[in-house]
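Listed here are the chains, written in short residue letters.
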Amino acid sequence: MAATLDIITSALLGIGVVFNALGVIGLLRFPDLYTRMHATTKATTFGSIFTSLAVIVYGLATFIGKSDTQYLTLAIHAFLAMGMLAFTNAVSAHALARAAHRSGQFPAQAVCDRLAEAKS
Amino acid sequence: MIPFLVTTGIAFVGYLILTAGSGTIGLWSPTELIMGIILAVVTGVLTRNFLCRSRDYRLLSPGRLLRLLVYVPGPFFIELTKANLDVAYRVITGRIRPGIIRVRSNLKTDLGIFMLANSITLTPGTLSVGIDEKTNDLFIHNINVGEGDEKKEYIESKDLFTLVNLPSWIRKIAERDREGEVS
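Residues numbered from 1 in each chain as written. Chains lettered and ligands numbered in written order. Predicted model: local features only at pLDDT ≥ 70, side-chain atom pairs only at ≥ 80, totals over all residues. Heavy atoms only, no water.

Draft legend 1. The arrangement of the overall build of chain B in detail. Check the secondary structure of chain B and you find 5 helices and 4 strands. Here chain B holds 183 residues, and 43% of them are scored as buried. Expressed as a percentage of contacts within chain B between residues at least 6 apart in sequence, the contacts between residues at least 24 apart total 70%. Counting every atom, chain B has about 9700 Å² of accessible surface; 65% of that belongs to carbon and sulfur. (Helix = DSSP H or I, 4+ residues; strand = E, 2+ residues; numbered from the N terminus. Buried < 20%, exposed > 50% of the residue type's maximum accessible area, 1.4 Å probe, protein only. Contact = heavy atoms within 4.5 Å. Areas by Shrake-Rupley, 256 points an atom, 1.4 Å probe, with all protein chains shown as cover.)

So, in structure tokens, the structure goes:
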């Protein structure tokens, strides 16, 4: 039982770390603010969802095994953190992109820019 | 009165979730329950006009809440996974074709637009940059604009998602009151 739990949590942590690492690589590779934000805000949200899932699975499994309520609290708080992370990431990414476009940062290598056309 | 009750209820449920596992009445201890009620009432009095500014209580109906609870781990998570793999591929290979496109949302309420914009931003590869307040069209920065899409004046929002039709889910959650009726 404990070995299975270890394997599941390690797998979830592994997936999460891989996606977070891809976010960092994207930040270094991509040409402008918008594409970099794709890498950093989104890949890291997905990665952090998986690392939080590892905490939730560990907390719930230990709670069922030992019925110690502090593990239930751990799982619930990790779940809340996951939800908040997803929400604030989406809203702040939108705010950043909008602020950048309004202050004259236009996308590099873009094939089209309908927003700039709509403004002019 | 309704804003006060709604805010108090939500604050109390939030407090209960945060303190689950503290005692013996269900999962909570008596002190936490009493403290939760007091704090929820204080929160309700102070912030009722912030949370319920639009006076739109549509999300309180059980059917819509249930659909929302199915939507987030179901169709939304499928799209999230698929899109993340796509961006991972582009990070590794560097094959991008960025551009800002206009997307016709066909949604009418603020709540619907809000959910669609957030769903678009959270699925990687697409990022909402702006909104046309008159027509409720969204401006989306897409990391890989489809071949020929840059010539079209706008594209339909359901074409952004390949596996599941997320906009129709959002319409069911946030807008349509009954079958076929648009509010």
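Let's pick the thread back up.
Draft legend 2. Quick peek at the pattern of salt bridges. Residue and element names in this part refer to chain B. One pass over the full model with this rule turns up 1 salt bridge over all chains. Arg90 is paired through a salt bridge with Asp86; the nearest N and O atoms lie 3.3 Å apart. With Arg90 and Asp86 both in helix 3 (residues 62-93) and 4 residues apart, the pair spans about one turn of that helix. Residue classification places Arg90 among the buried residues on the basis of a relative accessible area of 10%. (Salt bridge = Lys/Arg side-chain N within 4 Å of Asp/Glu carboxyl O.)

Draft legend 3. Just the pairing of strand 2 (residues 126-132) of chain B, in detail. All names here are of chain B. Among the 7 residues that make up strand 2, 6 are buried, leaving the element largely enclosed by the rest of the structure. Bridging between strand 2 and strand 3 (residues 137-142) involves 6 bridges; their strand directions are antiparallel. Pairing of Leu127 across the sheet is with His141, part of strand 3. (Pairing = 2+ DSSP bridges.)

Draft legend 4. The nonpolar core, seen in detail. In terms of nonpolar packing, the biggest core is built from 24 residues, with B:Tyr71, B:Ile101, B:Ile120, B:Leu138, B:Ile140 and B:Leu160 touching the most fellow members. At the level of elements, helix 3 (69-102) of chain A together with helix 3, strand 1 (99-104), helix 4 (110-122), strand 3 and helix 5 (166-174) of chain B are the ones that each hand at least two residues to this core. For this core, the leading source of residues is helix 4 of chain B, giving 6 residues. Excluding its chain neighbours within four sequence positions, the residues that come into contact with B:Leu138 are B:Ile101, B:Arg102, B:Val103, B:Ile113, B:Leu116, B:Ala117, B:Ile120, B:Gly130 and B:Ile131. Within the second largest apolar cluster, 19 residues are counted, among which are A:Ala78, B:Val87, B:Val91 and B:Ile96. (Core = buried A, V, L, I, M, F, W, Y, C linked by side-chain atoms within 4.5 Å.)

Draft legend 5. Up close: the side chain of B:His141. Along the chain, B:His141 falls in strand 3. Among the polar contacts listed, one links the side chain of B:His141 to the side chain of A:His38, at a separation of 3.0 Å. Non-local contacts of B:His141, meaning those with residues more than four positions away in its chain, are made with A:Tyr34, A:Thr35, A:His38, A:Pro107, B:Pro98, B:Gly99, B:Ile100, B:Gly125, B:Thr126, B:Leu127 and B:Val129. (Polar contact = N/O pair within 3.5 Å; in protein donor to acceptor, adjacent residues only side chain to side chain.)

Draft legend 6. Highlighting a nonpolar patch on the surface. On the surface, a cluster of nonpolar side chains totalling about 780 Å² of accessible area is made up of B:Ile34, B:Met35, B:Ile37, B:Ile38, B:Leu39, B:Val41, B:Val42, B:Val45 and B:Leu46. A relative accessible area of 47% places B:Ile37 in the partly exposed class. (Patch = residues over 30% accessible without salt bridge, like charges linked within 9 Å, V, L, I, M, F, W, Y side chains within 5 Å.)

Draft legend 7. Up close: helix 5 of chain B. Residue and element names in this part refer to chain B. Three or more residues of helix 5 are buried, namely Leu166, Pro167, Ile170, Ile173 and Ala174. End-on view of helix 5: buried residues confined to an arc of 120°, all on one side of the axis. Close packing links the buried residues of helix 5 with helix 3 and helix 4. (Arc of directions from axis to C-beta.)

Draft legend 8. Spotlight on the interface of chain B and chain A. Of the residues lining the interface, 44 residues belong to chain B; the matching set on chain A comes to 42 residues. For the chain B and chain A pair, buried surface summed over both sides reaches about 3500 Å², with 74% attributable to carbon and sulfur atoms. Connecting chain B to chain A are 0 salt bridges. At the level of secondary structure, the elements contributing two or more residues to the side of chain B that touches chain A comprise helix 1 (2-18), helix 3, strand 1, helix 4, strand 2 and strand 3 of chain B. (Buried area = accessible area lost by both parts, 1.4 Å probe.)

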